Every structure is written in C-alpha cells, then in structure tokens.
Amino acid sequence: QKEVEQNSGPLSVPEGAIASLNCTYSDRGSQSFFWYRQYSGKSPELIMFIYSNGDKEDGRFTAQLNKASQYVSLLIRDSQPSDSATYLCAVGGKLVFGKGTKLTVNP
Amino acid sequence: SQTIHQWPATLVQPVGSPLSLECTVEGTSNPNLYWYRQAAGRGLQLLFYSVGIGQISSEVPQNLSASRPQDRQFILSSKKLLLSDSGFYLCAWSRDSVSTDTQYFGPGTRLTVL
C-alpha cells in the first residue's frame with residue numbers, strides 16, 4: 001500500500017515570508033510528483049509537477065525532489081494571503097494523495 | 001483548451017436512494033478519466049479510472065460503480081446509498097499515460113447522505 005505523508009499543520013506564516021511544505025512517500029519506484037492547491041470548498045488545482053531530482057522553479061513556487069530520501073517539498077516565496085489554502089502532495093500516475101497541509105498567510 | 005464539467009454541484013440524498021453523478025470533458029479526445037472521493041478529514045481516495053470507452057478499473061471495493069458510455073463521459077453510480085458515501089466527489093482527466101501524466105480536476109459534487 002503506497003503512502004504519502006504530510007504534516008497536517010496548520011502552518012502559519014507572515015505575509016512576505018517563505019512557506020515550506022513537506023511530503024514523504026513510501027514507494028521508492030515512484031516516478032512523478034505533484035503539488036495541488038485546494039481552497040476551502042473547491043477542487044484541487046495543479047501548482048507544479050516534478051519528475052527529476054533537484055529543484056524546479058515556477059514564479060514564486062519551487063518544488064524540490066530527493067528520490068534517495070523519498071522526499072518532496074514545495075517552497076512558496078513572498079507568501080501572500082491569497083496563498084492561504086490546503087496544499088496536497090500527490091505521488092504516482094494513479095495518484096496517491098497526502099491528507100494535505102493547511103497554510104495560513106497572515107497579513 | 002480543455003474543460004471538465006461535473007453535475008450536479010451539490011446533492012442531498014436519503015439513505016437507500018440511487019445515485020448518478022456525471023462528468024464530461026471538452027477539448028480533448030480519448031482522455032484517461034478518474035473518480036475520486038474526499039471525505040471530511042480524510043485525503044483524496046481514487047475510486048475508479050478508465051483508459052477508454054467501457055474500460056473501468058476499480059481501486060476500492062465499495063457501494064459504487066462507474067461507467068464510461070462515451071469517450072468523454074464518465075458516470076459514477078450507486079443503487080443504494082449509505083451514510084458513509086457522503087463526501088466530495090471529484091472527476092479528473094489526464095492526457096496520456098496513467099502512470100505519469102498530470103491530472104486535472106473538475107469542480108466536484110458535494111454529496112450529503114441523510
């Protein structure tokens with residue numbers, strides 16, 4: 001049974017700070033990794049995907065993957081109140097989701 | 001561009017009643033289609049996926065079934081709802097390989113079983 005673990009939070013950061021969200025997974029053979037953002041009452045929307053070890057940057061978002069440690073993270077720079085949401089880590093094509101980390105960015 | 005629709009948006013049903021939720025995708029052909037459920041306080045759980053018309057894979061034994069009568073239509077059904085079927089039902093699609101491709105979610109159906 002594949003597992004994806006996330007710190008449920010809540011994680012609270014001040015506006016303008018860096019928010020760091022972490023995720024570990026159990027299946028060493030996993031090839032694809034995704035971060036989704038879910039606002040309360042809404043469906044998940046894709047933020048980023050990453051397939052290779054290292055960092056991948058898209059605007060204020062950076063995904064980091066370390067397959068040896070089975071660890072994937074999402075950094076949000078210059079956090080804004082609009083970033084307040086639950087962030088879901090997902091692994092694999094038949095996606096296995098973590099339970100999500102709730103992020104609150106305080107003005 | 002691709003668009004995914006789900007209806008109804010919300011549904012309140014009594015225990016023992018039937019269920020039919022529909023999902024359609026526009027702007028692409030032969031998508032992979034998925035049904036997920038998100039129960040309160042729990043993560044997203046994959047229920048079914050389909051790689052083509054009439055091809056359904058079930059991930060979790062349960063009170064639900066799925067069908068794909070057309071290329072871009074995916075239906076989730078139940079003959080008799082249970083209280084435990086309450087949740088947020090999400091349809092998703094992906095373009096190519098089930099094993100690696102990015103999935104995009106529809107707006108969801110919030111089901112309450114009373």
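You'll find the structure just up there.
Attention in this report is confined to the structure presented alongside it. If you're wondering where the values come from, they're calculated on a predicted model, not measured in any experiment.

**Quick word on the overall build of chain A**
Link 1 in the chain: Each helix and strand in chain A was counted, giving zero helices and 11 strands.
Link 2 in the chain: Element order for chain A, N to C, with α for helix and β for strand: β-β-β-β-β-β-β-β-β-β-β.
Link 3 in the chain: Rg of the C-alpha trace for chain A: 13 Å, near the compact-globule value of 13 Å for 107 residues, within the 12% margin.
Link 4 in the chain: Expressed along its principal axes, the backbone C-alpha trace of chain A runs to roughly 40 × 30 × 20 Å.
Link 5 in the chain: Looking at chain A as a whole, 43% of its 107 residues are labelled buried.
Link 6 in the chain: In the structure as shown, chain A presents an accessible area of about 5100 Å², 47% of it carried by carbon and sulfur atoms.

**Section: the packing of aromatic side chains**
All names here are of chain B.
Link 1 in the chain: In the structure shown here, the tally under the stated rule is 14 aromatic pairs over all chains.
Link 2 in the chain: Each ring, one from Y36 and one from F105, has its centre 5.4 Å from the other, and the planes form 50°; the classification is tilted. One end of the pair, Y36, is in strand 4 (residues 32–38); the other, F105, is in strand 10 (residues 103–105), and 69 residues separate them in sequence.
Link 3 in the chain: The class of Y36 is buried, set by a relative accessible area of 0%.

**Notes on the sheet that holds strand 7 (residues 65–70) of chain B**
Hydrogen bonding along the main chain pairs the strands of a sheet, whether they run parallel or antiparallel.
Residue and element names in this part refer to chain B.
Link 1 in the chain: Pairing is antiparallel across the open sheet formed by four strands, whose spatial order is 1-3-8-7. Strands with a single pairing partner mark the edges of an open sheet, and in this sheet they are strand 1 (3–7) and strand 7. On average, each strand axis in the sheet is tilted by 20° relative to the strand beside it, whichever way the strands run.
Link 2 in the chain: Pairing of strand 1 with strand 3 (residues 19–26) involves five bridges; the strand directions are antiparallel.

**Notes on the pairing of strand 7 of chain B**
Residues and elements named next belong to chain B.
Link 1 in the chain: Of the strand pairs in this sheet, strand 7 and strand 8 (residues 73–78) are connected by four bridges, and their pairing is antiparallel. Across the sheet, the residue bridging to S67 is I75, located in strand 8.
Link 2 in the chain: As consecutive antiparallel partners, strand 7 and strand 8 are separated by two residues.

**Side note on the state of the cysteines**
Link 1 in the chain: Under the defined criterion, the tally for this structure stands at two disulfides over all chains.
Link 2 in the chain: Across the disulfide, C23 of chain A is cross-linked to C89 of chain A (sulfur-sulfur distance 2.1 Å). Residues C23 of chain A and C89 of chain A share a disulfide whose torsion about the S-S bond is about -70°; that sign makes it left-handed. Separated by 66 residues along the polypeptide, C23 of chain A in strand 3 (residues 19–25) and C89 of chain A in strand 9 (residues 85–91) bring together distant segments of the chain. The residues C23 of chain A and C89 of chain A share a single accessibility class, namely buried.
Link 3 in the chain: Shown here is the disulfide that connects C23 of chain B with C91 of chain B, its sulfur atoms set 2.0 Å apart. Disulfide C23 of chain B-C91 of chain B: torsion about the S-S bond near -70°, hence left-handed. Here C23 of chain B, found in strand 3, pairs with C91 of chain B, found in strand 9 (residues 87–94); they are 68 residues apart in sequence, far enough to count as distant. By the burial criterion, C23 of chain B is buried, and C91 of chain B matches it.

**Overview of the pattern of salt bridges**
Residues and elements named next belong to chain A.
Link 1 in the chain: The tally for this structure, following the rule as stated, stands at six salt bridges over all chains.
Link 2 in the chain: A salt bridge links D27 to K2; its shortest N-O distance comes to 3.6 Å. Of this pair, D27 sits in the loop between strand 3 and strand 4 (33–38) while K2 sits in the segment before strand 1 (4–6), placing them 25 residues apart in sequence.
Link 3 in the chain: By relative accessible area, K2 is classed as partly exposed at 45%.
Link 4 in the chain: A salt bridge links R60 to D83; the shortest N-O distance between them is 2.9 Å. Of the two residues, R60 is situated in the loop between strand 6 (54–58) and strand 7 (61–66) and D83 in the loop between strand 8 (71–76) and strand 9; the sequence distance between them amounts to 23 residues.
Link 5 in the chain: You can call D83 buried: its relative accessible area is 1%.

**Notes on the interface of chain B and chain A**
Link 1 in the chain: Listed as interface residues are 21 residues of chain B and, on the opposing side, 19 residues of chain A.
Link 2 in the chain: Between chain B and chain A, a total of about 1500 Å² is buried, with carbon and sulfur atoms accounting for 56% of that surface.
Link 3 in the chain: Where chain B packs against chain A, one counts zero salt bridges.
Link 4 in the chain: At the junction of chain B and chain A, the tally comes to three residue pairs in polar contact (both at pLDDT 80 or more).
Link 5 in the chain: Elements with a minimum of two residues in the side of chain B that touches chain A: strand 4, strand 5 (44–52), strand 9 and strand 10 of chain B.
Link 6 in the chain: Grouping the amino acids of the side of chain B that touches chain A by side-chain chemistry returns 10 nonpolar, eight polar and three charged.

The rules behind these values
Residues numbered from 1 in each chain as written. Chains lettered and ligands numbered in written order. Predicted model: local features only at pLDDT ≥ 70, side-chain atom pairs only at ≥ 80, totals over all residues. Heavy atoms only, no water. Helix = DSSP H or I, 4+ residues; strand = E, 2+ residues; numbered from the N terminus. Rg over C-alpha atoms; globule rule 2.2 N^0.38 Å. Buried < 20%, exposed > 50% of the residue type's maximum accessible area, 1.4 Å probe, protein only. Areas by Shrake-Rupley, 256 points an atom, 1.4 Å probe, with all protein chains shown as cover. Phe/Tyr/Trp six-rings, centres within 6.5 Å; stacked < 30°, edge-to-face > 60°. Pairing = 2+ DSSP bridges. Axes fitted to C-alpha atoms, helices over the stretch in contact; angles between N-to-C directions. Disulfide = S-S within 2.5 Å. Salt bridge = Lys/Arg side-chain N within 4 Å of Asp/Glu carboxyl O. Contact = heavy atoms within 4.5 Å. Buried area = accessible area lost by both parts, 1.4 Å probe. Polar contact = N/O pair within 3.5 Å; in protein donor to acceptor, adjacent residues only side chain to side chain. Nonpolar A, V, L, I, M, F, W, Y, C, P; charged D, E, K, R; others polar.

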